[in-house]
Amino acid sequence: MKRQRSAAYPYYSISYCLEFCSKIYKNLGTYRATRQEIAKVLEVHVGTLSQKLGTCGQYGFIDVKPKEGYMTSDLFLKWYRPVNESQGMDVKLEAFKNPPLYSSLIESFENNILPPVLALSNILFQKHNISEAACEKAASTFIENANELNIITGEGMLILSSSEIFAEDEIEDEYDKSNEIETDKVEVYESVIKGKTDLKTIVENQKDNKRFQNANAGAIPNSSGVVIPILLKERRTAHLGLPNDAKSEDLDTIINWIRLMKESF
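Residues numbered from 1 in each chain as written. Predicted model: local features only at pLDDT ≥ 70, side-chain atom pairs only at ≥ 80, totals over all residues. Heavy atoms only, no water.

A.B. asks: Explain the packing of helix α1 (residues 14–28) against helix α2 (residues 35–42) here, please?
C.D. replies: Each packed pair of helices is defined by two parameters, the angle between the axes and the distance between the axes. Closest axis-to-axis distance for the α1/α2 pair is 10 Å, and the angle between their directions is 90 degrees. Here α1 lies roughly perpendicular to α2, going by the angle between them. Residues F20, K23, I24, N27 and L28 of α1 form the contact with α2, whose participating residues are I38, V41 and L42. The class makeup of the residues in the contact of α1 with α2 is 6 nonpolar, 1 polar and 1 charged. (Axes fitted to C-alpha atoms, helices over the stretch in contact; angles between N-to-C directions. Helix = DSSP H or I, 4+ residues; strand = E, 2+ residues; numbered from the N terminus. Parallel < 35°, antiparallel > 145°, perpendicular 65-115°, else oblique. Contact = heavy atoms within 4.5 Å. Nonpolar A, V, L, I, M, F, W, Y, C, P; charged D, E, K, R; others polar.)

A.B. asks: Hey, could you run me through the state of the cysteines in this one?
C.D. replies: What makes a disulfide is a covalent bond joining the sulfur atoms belonging to two cysteines. Inspection of every chain in the model, using the stated rule, returns 0 disulfides. In this structure C17 is a free cysteine whose sulfur lies 3.6 Å from that of C56, the closest cysteine sulfur available. Assessed through its relative accessible area of 1%, C17 is described here as buried. C56 sits in the buried class, given a relative accessible area of 0%. (Disulfide = S-S within 2.5 Å. Buried < 20%, exposed > 50% of the residue type's maximum accessible area, 1.4 Å probe, protein only.)

A.B. asks: Is there a simple way to think about the packing of helix α6 (residues 100–109) against helix α7 (residues 117–127) in this case?
C.D. replies: Running from N to C, α6 and α7 cross one another at 115 degrees; their axes reach a closest spacing of 13 Å. With respect to the hand of their crossing, α6 and α7 are arranged in right-handed fashion. Touching L101, L105 and F109 of α6 are L120, I123 and L124, all from α7. For the contact of α6 with α7, a count of residues per class yields 6 nonpolar, no polar and no charged. (Left-handed = near helix turned anticlockwise from the far one by under 90°.)

A.B. asks: In this structure, what is going on with the side chain of K52? I would like to understand it.
C.D. replies: With respect to the helices and strands, the residue K52 is situated in helix α3 (residues 50–59). E19 provides the closest opposite charge to the buried, salt-bridge-free K52, at an N-O distance of 10.0 Å. A polar contact of 3.3 Å, which involves the side chain of K52, links it to the side chain of Y16. In contact with K52, other than residues within four places in its own chain, are Y12, Y16 and F20. (Lys, Arg positive; Asp, Glu negative; His and termini not counted. Salt bridge = Lys/Arg side-chain N within 4 Å of Asp/Glu carboxyl O. Polar contact = N/O pair within 3.5 Å; in protein donor to acceptor, adjacent residues only side chain to side chain.)

Just distances and angles here, no functional claims.
Now the structure itself:
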C-alpha cells in the first residue's frame, strides 16, 4: 500500500530547535552553510538533519536559500542575544505562530478549549492533511509547545495574549477568594480529565464535605453526576453536565460533538 504523504508540521519543540540552532551558531556564526558543512561541524550524519532543519525553518529560526545553504535567522539572534528579559518570550511566541499548521490551529482554538492529544490528532488527520502515522506526534508537539509557553489556562483554554491571560488570572483569583471550594473543584476535574478516577468515586468521597455540598447548586456533585461551570468571555458561564461514571474518553466524545456544533453555528 502506498504510504500517505503528510502536510508539513513541526516535529521538534521550540526549545529543542533553539538549542539545535545555538549549536549551529556557535560553530558557524552567520556563515551560510550547506547541509554537509553543518553535519561536519556538529559531527552528525547528514541524513539526520533534514527534519531538524525543516522544523527550525518552520519556526523561523533558520533562513534557507536554495542552492546556497542554511543560516541562523534574525529571529533566532533576537532570542540568543536579547536586549531585555521579555524579548526571549516574545521570540518564542512569534515562532509559535509561524508554522502554517500552527497559524491555522491558533485561528481555530485561540480563546477556546484546546482538545487533548488524541482528539487534536484526529482533527489534524481529518482537516489538515497530516498523515495518520504523523498526526499524534504533530498534536503532541503543538501541545508541548503551548505548555512550555504557558499559554494554556487551568481550564484548558489556549490564550496567546498576555492581557487575556492576566484577565483570566484576575477572574480566577476573585473567584477563589469568594469561594475557596473552587480550588477543590479544579483538582477534581483535572483528576477526571487525566483518567485518574471517575465521578462516582469523587461523589462518594465528597459526601461529608460541607464546603463542597454548600457550593453553588449548579456546580456540585449529586446522585446522577456533576455540573461543571465553564468560564466564558465577559464573565459569562456555561455548564457541562457529566454522569457519575464519566471517564476521560467521554470528554473526547463531547469535544467531537462540540466541534460539530461549532461548524453549524
